[in-house]
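Read off the chains here:
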Amino acid sequence: MKSKIDIKNLNLFIGKQQILKNVNVQIPENKITIILGPSGCGKTTLLKSLNRLTDLYEDVKVSGEIIIDNEDILHSNQDVTAIRKKMGLLAQRPYPLPMSIFKNVAYGIRISDSENKKTIPQRVEYHLKQVNLWDEVKDRLHSPASRLSIGQQQRLCLARGLAVDPEIILADEPTSALDPISSQAIEQKFIELKEQYTVVMVTHILRQARRIADYVIFMYLGEVVECGTAEEFFSNPKEERTKAYLKGAFN
Amino acid sequence: MKLKKTEEIFFKFLMYISVSFITASLFLIVFSIFYKGLPSLSWEMVSETPKGGFYFGKEGGILNAIIGSLYLSIGATILAMLFGIPIALFMNVYLRKYNRFVNGIRFFLDLLWGIPSIVYGAFGFTIMVMLGIKTSLLAGIITVSIFILPIMVRALDEVLKTVPVGLFEASLSLGSTRSETAFRVFLRQTIPGLATAILLSFGRAIGDAASVLFTTGYTDHIPTSIMQPTATLPLAIFFQLGSPIEEVRSRAYSSALILTIIILLISVISRIVSAKYNKHRIKF
Ligand SMILES: Nc1ncnc2c1ncn2[C@@H]1O[C@H](COP(=O)(O)OP(=O)(O)OP(=O)(O)O)[C@@H](O)[C@H]1O
Ligand SMILES: [Mg+2]
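Residues numbered from 1 in each chain as written. Chains lettered and ligands numbered in written order. Predicted model: local features only at pLDDT ≥ 70, side-chain atom pairs only at ≥ 80, totals over all residues. Heavy atoms only, no water.

Further remarks concern the overall build of chain B. Counting its secondary structure elements, chain B contains eleven helices and zero strands. Listed N to C, the secondary structure of chain B is α-α-α-α-α-α-α-α-α-α-α in terms of helices and strands. With the C-alpha coordinates aligned to their principal axes, the bounding extent of chain B is approximately 65 × 60 × 35 Å. Relative to its 284 residues, chain B shows a buried fraction of 42%. Residue pairs in contact within chain B that sit at least 24 positions apart in sequence constitute 73% of those at least 6 positions apart. Summed over its atoms, the accessible surface of chain B is roughly 15200 Å², and 74% of this surface lies on carbon and sulfur atoms. Placing the 25 positive and 14 negative side-chain charges of chain B at their respective mean positions leaves the two points 11 Å apart. (Helix = DSSP H or I, 4+ residues; strand = E, 2+ residues; numbered from the N terminus. Buried < 20%, exposed > 50% of the residue type's maximum accessible area, 1.4 Å probe, protein only. Contact = heavy atoms within 4.5 Å. Areas by Shrake-Rupley, 256 points an atom, 1.4 Å probe, with all protein chains shown as cover. Lys, Arg positive; Asp, Glu negative; His and termini not counted. Charge placed at Lys NZ, Arg CZ, Asp CG, Glu CD.)

A few words on the site of ligand 1. Residue and element names in this part refer to chain A. What surrounds ligand 1 is the set I14, I19, S39, G40, C41, G42, K43, T44, T45, Q92, E173 and H204. One nitrogen or oxygen atom from the main chain of G42 is found 3.0 Å from an oxygen atom belonging to ligand 1. Burial of ligand 1 by the protein chains amounts to 63% of its free accessible area of 630 Å². Examining the composition of the shell around ligand 1, we find that three residues originate from one element, helix α1 (residues 43-50), more than from any other. Of the residues in the shell around ligand 1, the class split is three nonpolar, seven polar and two charged. (Near = heavy atom within 4 Å. Polar contact = N/O pair within 3.5 Å; in protein donor to acceptor, adjacent residues only side chain to side chain. Nonpolar A, V, L, I, M, F, W, Y, C, P; charged D, E, K, R; others polar.)

Here we come to the domain arrangement of chain B. Residue and element names in this part refer to chain B. Each assigned domain of chain B is listed with its residue range as follows: domain 1 (2-40) and domain 2 (43-278). A separation of 29 Å is found between the C-alpha centroids of domain 1 and domain 2. Tallying the contact residues gives seven residues for domain 1 and eight residues for domain 2. Counting each side, the surface lost to burial between domain 1 and domain 2 is near 670 Å², with a carbon and sulfur contribution of 72%. When the buried area of domain 1 at its contact with domain 2 is split by residue, I33, K36 and S40 rank highest and sum to 69% of it. Along the contact surface separating domain 1 from domain 2 lie zero salt bridges. Counting the contacts that link domain 1 with domain 2 gives two residue pairs in polar contact (both at pLDDT 80 or more). Residues belonging to the side of domain 1 that touches domain 2 are distributed by class as follows: three nonpolar, three polar and one charged. (Domains from an automatic or database assignment. Buried area = accessible area lost by both parts, 1.4 Å probe. Salt bridge = Lys/Arg side-chain N within 4 Å of Asp/Glu carboxyl O.)

Attention now goes to the coordination of the magnesium ion (ligand 2). Looking at the metal site, the magnesium ion (ligand 2) is ligated by A:T44 (OG1) and A:Q92 (OE1), spaced 1.9 to 2.4 Å from it. With A:T44 in helix α1 and A:Q92 in the loop between β6 (87-90) and α3 (101-112), this pair connects stretches of sequence that are 48 residues apart. (Donors = N, O, S within 2.8 Å, 3.2 Å for Na, K, Ca; no water.)

Quick look at a positive patch on the surface now. The grouping of A:K103, A:R110, A:K117, A:R147, B:R184, B:K276 and B:K279 at the surface amounts to a positive patch. Position of A:K117 among the secondary structure elements: in the loop between α3 and α4 (120-130). (Patch = residues over 30% accessible without salt bridge, like charges linked within 9 Å, V, L, I, M, F, W, Y side chains within 5 Å.)

Before going further, it helps to examine the nonpolar core. In terms of nonpolar packing, the biggest core is built from 71 residues, with A:I7 and A:I66 touching the most fellow members. With ten residues, the single largest contributor to this core is helix α6 (residues 137-160) of chain B. Once you skip the residues sitting within four places of it in the chain, A:I66 turns out to touch A:I5, A:D6, A:I7, A:L10, A:S49, A:L50, A:E71, A:D72, A:I73 and A:L74. Core analysis: the second largest hydrophobic core is formed by 45 residues, A:L36, A:I101, A:V137 and A:V225 among them. (Core = buried A, V, L, I, M, F, W, Y, C linked by side-chain atoms within 4.5 Å.)

This part takes up the sheet that holds strand β4 (residues 60-68) of chain A. Residues and elements named next belong to chain A. The antiparallel open sheet is built from four strands, whose spatial order is β2-β1-β4-β5. Looking at which strands have only one partner, the edges of the open sheet turn out to be β2 (17-28) and β5 (71-72). Taken together, the eight bridges between strand β1 (residues 3-14) and β4 define a ladder with antiparallel strand orientation. In the strand pairing of β4, I14 is matched with V60. Across the sheet, α1 touches β1, β2 and β4, and the angle it forms with β1 is around 115 degrees. (Pairing = 2+ DSSP bridges. Axes fitted to C-alpha atoms, helices over the stretch in contact; angles between N-to-C directions.)

Along the chain, B:E169 falls in helix α7 (residues 165-173). Every residue in contact with B:E169, bar those within four places of it in the chain, is listed here: A:K48, A:L53, A:L56 and A:Y57.

What follows is the structure in structure tokens.
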């Protein structure tokens, strides 16, 4: 197993409160890694620190290493936008950009490839089809993205993230606002995507995790309690807290 | 329970009183401008410059002041925008992390907002003397733009502050730079509010007399270059209002009416423009 992201001794404080406690995990390449854990345990924070969005807050202190492609992105002097382009982050709550549906996806395309303007319409169509949104929006591509429903916005944001052509997809509960059919379509999409991408996904739905996970990270109160292959994790959990979680003891 | 209800009624009552008080005084002002201004409002007023005996109640109009005021306040608003928009974006996009520092800047700008415009006028005049510039449209534009800059920056800042951090994160996580985020996301998200903020500054610029009192001079001609002095509506009102001649005083009111109508027109236009963009705004 080749690891794509290697997190070493990651500690994160917000003010005096420690949010991530000595996180050490490896995220395998071309696999789906699922992060599980009760609400408030630091899953979103972990995803954001992979993308260096933690830079935006004054009172956040991060220490440790996050190595992606042999480079410690926390202490790299590489341009932070180049680091972020490698990753498509799908936030827990969808935030479409204040422009039309078409332009939202085109915005992502223009960032990854500012030439080839002629092919943009085809590529917008391709990415919208990828996330099962095309049929719903093909007749109103130029109407504002703000008018889409939350579930549609979620898929639009996924399409936009894919349009940047990242290597890693970080998805924070990407199906939280979707009906079972659309959820399954997205799950299916992730399974296809792992051929080319490394997928890291947060979910609260255990059944979904069982369906698609190759690798699981279980967090509790800012610590990584247990991590390993999905098979190991679900059939033979080692830690008491994992067993309790799988039984449904904490939400 | 009963007490709560009385409290509710009491505050509702207070609210109604203050609302009607404000509305009534607004109407009173508008009414008196119309009442005193309409009789002497004529096509001549808005289409001609003052003729020989204008200040004694004879022919002519205040076209010089209308055009002068428009030149002056459009110039000053554009100049202030050139600085104000980048400053406000910088505060909200680049300095977003340093909240305490930005709040310091806000405090400072609020102080500047509170300084009476006559002080800016005097300041502009001092600089003119230092640089050897005569009273002119240019000197007025610079002075007025300094005077409205804090107002504009704070008004823009209040609007930009409302952009949620999630949208900021979404744009950055796509790999766009901060300046792309500023100009392509923040500006788009807030265009309706920004238009209002700029309009507010424009209203201050066109309505202020004290800052142009020493700096623009006054002339009966329409300026043909920014180095020439110019008349402005507030000063035209001021001068005419001080006249002992009844006819001239009533023209002061029609000048005020013209000023009011200009502000009204511009606010309607900006509403129409911003409504066009409002639909793209992401609502939360
Ligand atoms: N900006 C912030 N300021 C202060 N505390 C924060 C901030 N962001 C997150 N936290 C705290 O960090 C902890 C972890 O939050 P995080 O959002 O990572 O949880 P999560 O595991 O994603 O939860 P959920 O499943 O509910 O999304 C929480 O206790 C939260 O209160
Ligand atoms: Mg979360």
